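Breakdown of the fold
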Amino acid sequence: GQMRQRRELRDDTLRRTLVHHLVASELSALPGIGARLATAIQAQVFHGELDDLRYAYTVDGVGPRKQATIDEWRDSRQQRLSALLADDFPGKETIV
């Protein structure tokens, strides 16, 4: 009932907080991306889900090679999300 709903909301909030942290802290370090392009990608296509990054190619400056780099990074983070959620990350302590 209500406890399950609270737990699901907490888990969703934790996941979204982690995803925002990962994108904000790692996207610009990908080969060929850099701070300017990462900022543009976040502003134009990222709405809180790793899958949003599938549309990075719509941002000026992101071609097939950079999209492939972003996709590879996104997929690796998606696969490791459960493990990453178990670790500490900024904002986690205020949610748990």
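Preceding block: the structure.
Attention here is on the structure that accompanies the text. (Residues numbered from 1 in each chain as written. Predicted model: local features only at pLDDT ≥ 70, side-chain atom pairs only at ≥ 80, totals over all residues. Heavy atoms only, no water.)

**Concerning helix α3 (residues 64-86)**
Taking 1.5 Å per residue as the helical rise, α3 with its 23 residues ought to reach 33 Å, and the 33 Å between its terminal C-alpha atoms agrees with that figure. Bending of α3 peaks at approximately 60 degrees at the position of Arg80. Of all the positions in α3, only Gln67, Ile70, Trp73, Arg74, Arg77, Leu81 and Leu84 are classed as buried. Buried residues along α3 sit against α1 (2-26) and α2 (34-44). (Helix = DSSP H or I, 4+ residues; strand = E, 2+ residues; numbered from the N terminus. Expected span 1.5 Å × (residues − 1). Bend = angle between axes of the 7 residues up to and from the residue. Buried < 20%, exposed > 50% of the residue type's maximum accessible area, 1.4 Å probe, protein only. Contact = heavy atoms within 4.5 Å.)

**Focus on the pattern of salt bridges**
Once the charged atoms of two side chains with opposite charge are near each other, the side chains can pair. Overall, the coordinates contain 10 salt bridges when judged by the stated rule. With a shortest N-O distance of 3.0 Å, Arg4 and Glu8 are connected by a salt bridge. Of this pair, Arg4 and Glu8 both sit in helix α1, 4 residues apart, which is roughly one turn of the helix. Under the relative-accessibility criterion, Glu8 is labelled partly exposed at 43%. When salt bridges with common partners are traced through the structure, they connect Asp12, Arg15, Arg16 and Glu49 into a single cluster. (Salt bridge = Lys/Arg side-chain N within 4 Å of Asp/Glu carboxyl O.)

**As for the packing of α1 against α3**
α3 packs onto α1 with a crossing angle of 135 degrees between their chain directions and a minimal axis gap of 11 Å. Considering their axes alone, α1 and α3 lie oblique with respect to each other. As for the relative orientation of α1 and α3, their crossing is right-handed in sense. Contacts between α1 and α3 involve Leu14, Arg15, Leu18, Val19, Leu22, Val23 and Glu26 from the first element and Trp73, Arg77, Leu81, Leu84 and Leu85 from the second. Looking at the contact of α1 with α3 residue by residue, the class counts come to 9 nonpolar, no polar and 3 charged. (Axes fitted to C-alpha atoms, helices over the stretch in contact; angles between N-to-C directions. Parallel < 35°, antiparallel > 145°, perpendicular 65-115°, else oblique. Left-handed = near helix turned anticlockwise from the far one by under 90°. Nonpolar A, V, L, I, M, F, W, Y, C, P; charged D, E, K, R; others polar.)

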